Amino acid sequence: MNLKSKDLLGLRDISAEEIQYILETAKTMKYIVTSNNKKTAHLQGKSIITLFYENSTRTRLSFELASKYMGASAANISASSSSVSKGETLIDTGNTINMMGSDVVIIRHPMSGAPHLLAKNIKASVINAGDGMNEHPTQALLDMFTILEKKGTIKGLKIAIIGDILHSRVARSNIWGLTKLGAEVSISGPATLIPRDIDKLGVKVYSTVQEAILDADVVMGLRIQLERQKKGLFPTIREYSRFFGIDDKRLKLAKEDALVLHPGPVNRGVELASSVIDGEQSFINEQVTNGVAIRMALLYLLTRRGTNNEVTN
């Protein structure tokens, strides 16, 4: 099997079979990540570029490590220290990178659709590392990989996503991916942070966290984007924590073996109580490890399109 597109721009436009293929490939990649010898030759001779117009720790570093673990030549471009600060357009930056023989360009951009624009104008594969309020497909894939590891399946699970759904590209990618794999997705958050008509995407919308979490197999918190608090989308951080924060009492409404996930960074005591973050049901740290495995899988598959993609250790 091959991925149909040269790019990974979102989970909205790829099939359930392709998602499953990526997750299966990531299983082998995790063996490498957790082994004592992390150097392979899977990407030897390949050139990987990270092009970030927004700050990032987990996503950027995991892509860099994924590239280096598999033997690729990796380079980083930060918008603030590149010709972008001199007025260079995205397409011109992309063409410059492309002419240097790059195989994969990983882009994070504040404008929704920027990766799609770049992908149409360069030969290299483009991976969306987050575009505006649109999608963050690799985060959703690592979330799904974590769920699959712990639960053995995604089909039929109830997954509650709690928080700032309106501004969350993570939520959108998870909704597209999880529903394609047969999960029942429930969401909750302040009414001002729930997009209109989101129920048309196949999710159940609840006005209270308690209803959304009840009997859930997975509880996923989302970061409240404090930089948007100036818009008055909810009264105060304290009020948000009181009505929508996930604490031990609320978590008990979920199934006894429910997983707790969060894309990070976490505002402790706001989206999740510290006791929940550090509790036995939390797999937030393991999500970070799985992020490297997922990104290794994607880099491998995108640079092997049209060939036999079977991975060997």
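See the structure shown above.
Residues numbered from 1 in each chain as written. Predicted model: local features only at pLDDT ≥ 70, side-chain atom pairs only at ≥ 80, totals over all residues. Heavy atoms only, no water.

### Focus on the side chain of Glu18
Turning to step 1, where the next piece is worked out: Structurally, Glu18 is set in helix H1 (residues 16-33).
Turning to step 2, where the next piece is worked out: Despite its burial, Glu18 pairs with no opposite charge, the nearest such side chain being Lys4 at 4.8 Å.
Turning to step 3, where the next piece is worked out: In this structure the side chain of Glu18 is engaged in a polar contact, spanning 2.9 Å, whose partner is the backbone nitrogen of Lys4.
Turning to step 4, where the next piece is worked out: In this structure Glu18 touches Met1, Leu3 and Lys4, once residues within four positions along its chain are discounted. (Helix = DSSP H or I, 4+ residues; strand = E, 2+ residues; numbered from the N terminus. Buried < 20%, exposed > 50% of the residue type's maximum accessible area, 1.4 Å probe, protein only. Lys, Arg positive; Asp, Glu negative; His and termini not counted. Salt bridge = Lys/Arg side-chain N within 4 Å of Asp/Glu carboxyl O. Polar contact = N/O pair within 3.5 Å; in protein donor to acceptor, adjacent residues only side chain to side chain. Contact = heavy atoms within 4.5 Å.)

### Remarks on the environment of Ile97
Turning to step 1, where the next piece is worked out: Structurally, the position occupied by Ile97 is in helix H3 (residues 90-99).
Turning to step 2, where the next piece is worked out: Since its relative accessible area comes to 5%, Ile97 is described here as buried.
Turning to step 3, where the next piece is worked out: Put simply, Ile97 and Ile122 are 25 residues apart on the chain and 8.8 Å apart in space, counted from C-alpha to C-alpha.
Turning to step 4, where the next piece is worked out: Excluding its chain neighbours within four sequence positions, the residues that come into contact with Ile97 are Ile49, Leu51, Ile77, Ser102 and Val105.

### Notes on the sheet that holds strand S4 (residues 125-131)
Turning to step 1, where the next piece is worked out: On the basis of which strands lie adjacent, the open sheet formed by 4 strands has the order S2-S1-S3-S4 and parallel pairing. Since the sheet does not close on itself, it has two edges, and those belong to strand S2 (73-78) and S4, each with one partner. Averaged over all adjacent pairs, the angle separating strand axes in this sheet is 15 degrees, with direction ignored.
Turning to step 2, where the next piece is worked out: Of the strand pairs in this sheet, strand S1 (residues 47-52) and strand S3 (residues 104-109) are connected by 5 bridges, and their pairing is parallel. Considered in S3, the bridge of Leu51 is made with Ile107.
Turning to step 3, where the next piece is worked out: Sheet strands touched by helix H11 (residues 284-302): S1, S3 and S4. Its angle to S4, the strand with the most contacts, is close to 150 degrees. (Pairing = 2+ DSSP bridges. Axes fitted to C-alpha atoms, helices over the stretch in contact; angles between N-to-C directions.)

### A closer look at the side chain of Thr146
Turning to step 1, where the next piece is worked out: Examined against the element boundaries, Thr146 turns out to sit in helix H5 (residues 137-151).
Turning to step 2, where the next piece is worked out: Only 2.9 Å separates the side chain of Thr146 from the side chain of Asn290, close enough to count as a polar contact.
Turning to step 3, where the next piece is worked out: In contact with Thr146, other than residues within four places in its own chain, are Leu259, Leu261, Phe283, Gln287 and Asn290.

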